[in-house]
Amino acid sequence: MATEVDPAGVELRALLEMVDFRNSRILEVGAGDGRLTFRYAEESHSVAGIDTNELEIRSAAMLARAKPRVNARFLCASGASMPFPAEEFDIVLLASSL
Amino acid sequence: MVDALREARRVLKPREVLINLQPITMPLIVEVMIAARPVWAKEVPSYSAPEDVAAAEAAVQQALTSEWFAFEKSLPYHLDICCDNAADLRAYAQSRKLSEAEIPYEELEERRLALSADRETARLRCRRPWSLSVYRKK
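Residues numbered from 1 in each chain as written. Chains lettered and ligands numbered in written order. Predicted model: local features only at pLDDT ≥ 70, side-chain atom pairs only at ≥ 80, totals over all residues. Heavy atoms only, no water.

Structural notes on the overall build of chain A
Here comes step 1: If you tally the helices and strands in chain A, you get three helices and five strands.
Here comes step 2: The order of α-helices and β-strands along chain A, N terminus first, is β-α-β-α-β-α-β-β.
Here comes step 3: A compact globule built from 98 residues would reach a C-alpha radius of gyration of about 13 Å, and chain A, at 13 Å, matches this within 12%.
Here comes step 4: When each of the 98 residues of chain A is scored for burial, the buried share is 52%.
Here comes step 5: For chain A, long-range pairs separated by at least 24 residues make up 60% of all intrachain contacts whose partners lie at least 6 apart in sequence. (Helix = DSSP H or I, 4+ residues; strand = E, 2+ residues; numbered from the N terminus. Rg over C-alpha atoms; globule rule 2.2 N^0.38 Å. Buried < 20%, exposed > 50% of the residue type's maximum accessible area, 1.4 Å probe, protein only. Contact = heavy atoms within 4.5 Å.)

Given below as structure tokens:
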């Protein structure tokens, strides 16, 4: 079985309980390999994930291509300088990125 | 850290939502599991990088006092990491911000093997306290 993170989906339930993701444009900072992103992405309109770890973000981008129902894009970028125009997103999620 | 909050404010639409997920400076719990039930547990007394957590909290406080965001609500939870053995847990920890945590890998593996001997194969679970906080752009 190797390593599983949050196998019971506690984190996802907490997120969905606290915030309505439906039809939202979401930016996830610290998206890594998309572990969390892909769990909520189907609820949303679209997701942009950024991370400074190029290997992980490449892996997330590859996974995204294999998930046609998910509108997600991944970029190697820092939270300190986000490559997006002002007022682009409904939700910004900082995933252990402070 | 403050830069990330300033940028988050810039890219958010007016009155929209910032979510911050971050670990809390509290003990971790490491457990040996058999058939999804804990059969042995130990509290790891300190997460030895509290300065990271303190710096994140200071950045959030600055964003609040600068009135970039207003606090709405928060929820604590445990993020579980389940592994086949201590080597897998160590590899995971080293790739994340758990690298400074004082997890007793040797003791964990000894317990896991001992408890696996005459029952099902035991696995390991590391429960790390996190918080989810929601803020609204002002």
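Next comes the rest of the write-up.
Notes on the overall build of chain B
Here comes step 1: Each helix and strand in chain B was counted, giving four helices and five strands.
Here comes step 2: Ordered by position from the N terminus, the helices and strands of chain B form the series α-β-β-β-α-β-α-α-β.
Here comes step 3: Dimensions of chain B, computed from the C-alpha atoms along their principal axes, are close to 60 × 25 × 20 Å.
Here comes step 4: Here chain B holds 138 residues, and the buried ones make up 47% of them.
Here comes step 5: Summed over all atoms, the accessible surface of chain B reaches about 6,700 Å², with 50% contributed by carbon and sulfur.
Here comes step 6: Separation between the mean location of the 21 positive side-chain charges and that of the 21 negative ones in chain B comes to 9 Å. (Areas by Shrake-Rupley, 256 points an atom, 1.4 Å probe, with all protein chains shown as cover. Lys, Arg positive; Asp, Glu negative; His and termini not counted. Charge placed at Lys NZ, Arg CZ, Asp CG, Glu CD.)

Considering the interface of chain A and chain B
Here comes step 1: Contact with chain A, which involves 39 residues of that partner, is made by 41 residues of chain B.
Here comes step 2: One can count two salt bridges joining chain A with chain B.
Here comes step 3: Between Glu4 of chain A and Arg123 of chain B there is a salt bridge, with the nearest N and O atoms lying 2.9 Å from each other.
Here comes step 4: Along the contact surface separating chain A from chain B lie 21 residue pairs in polar contact (both at pLDDT 80 or more). (Salt bridge = Lys/Arg side-chain N within 4 Å of Asp/Glu carboxyl O. Polar contact = N/O pair within 3.5 Å; in protein donor to acceptor, adjacent residues only side chain to side chain.)

A look at the pattern of salt bridges
All names here are of chain B.
Here comes step 1: Inspection of the entire model under this criterion finds 19 salt bridges over all chains.
Here comes step 2: Glu109 is paired through a salt bridge with Arg112; the nearest N and O atoms lie 2.8 Å apart. Of this pair, Glu109 and Arg112 both sit in helix α4 (residues 105-116), three residues apart, which is roughly one turn of that helix. Per residue, the accessibility class of Glu109 equals that of Arg112, and both read buried.
Here comes step 3: Residues joined by salt bridges that share partners form a network here, namely Glu31, Asp80, Arg125 and Arg127.

Side note on the packing of aromatic side chains
Here comes step 1: The final tally for this structure, using the stated rule, is five aromatic pairs over all chains.
Here comes step 2: Judged by centre distance (5.6 Å) and plane angle (50°), the ring pair of Phe38 of chain A and Phe74 of chain A falls under tilted. Highlighted residues: Phe38 of chain A in helix α2 (residues 37-40) and Phe74 of chain A in strand β4 (residues 72-76), separated in sequence by 36 residues. Pair check on accessibility: Phe38 of chain A and Phe74 of chain A agree, each one buried.
Here comes step 3: Where Phe71 of chain B meets Tyr135 of chain B, the ring centres are 5.7 Å apart and the plane angle is 65°; that geometry is what we call edge-to-face. (Phe/Tyr/Trp six-rings, centres within 6.5 Å; stacked < 30°, edge-to-face > 60°.)

Let's talk about the packing of helix α3 (residues 86-95) of chain B against α4 of chain B
Residue and element names in this part refer to chain B.
Here comes step 1: The N-to-C vectors of α3 and α4 enclose an angle of 150°; their axes lie 9 Å apart at closest approach. Contacts from Ala86, Leu89, Arg90 and Ala93 of α3 reach α4 at Tyr105, Glu106, Leu108 and Glu109.
Here comes step 2: Here the residues of the contact of α3 with α4 are counted per class, giving five nonpolar, no polar and three charged. (Axes fitted to C-alpha atoms, helices over the stretch in contact; angles between N-to-C directions. Nonpolar A, V, L, I, M, F, W, Y, C, P; charged D, E, K, R; others polar.)

Thoughts on the pairing of strand β1 (residues 12-23) of chain B
Here comes step 1: Where strand β5 (residues 89-95) of chain A lies against β1 of chain B, six bridges are found, and the strand directions are parallel. Residue pairing across strands places Leu94 of chain A opposite Asn20 of chain B, the latter belonging to β1 of chain B.
Here comes step 2: Two strands pair when backbone bridges link them, and β1 of chain B and strand β5 (residues 123-137) of chain B are joined in this way by seven bridges, in the antiparallel orientation. Considered in β5 of chain B, the bridge of Leu18 of chain B is made with Tyr135 of chain B. (Pairing = 2+ DSSP bridges.)

Notes on the confidence of the model for chain B
Here comes step 1: With 92% of its residues at a pLDDT of 70 or more, chain B has an overall mean of 90.
Here comes step 2: Across the interfaces of the predicted complex, the ipTM metric reaches 0.95, alongside a pTM of 0.91. (pLDDT = per-residue confidence, 0-100.)

Considerations on helix α3 (residues 54-65) of chain A
All names here are of chain A.
Here comes step 1: Over its 12 residues, α3 extends 17 Å from the first C-alpha to the last, a length consistent with the 16 Å expected when each residue adds 1.5 Å.
Here comes step 2: Buried residues along α3 sit in contact with α2, β3 (46-51) and β4.
Here comes step 3: By the N-cap criterion, in which a side-chain oxygen at the helix start approaches the backbone nitrogen of a residue two or three places on, α3 is capped by Asn53, the distance to Leu55 being 3.1 Å. (Expected span 1.5 Å × (residues − 1).)

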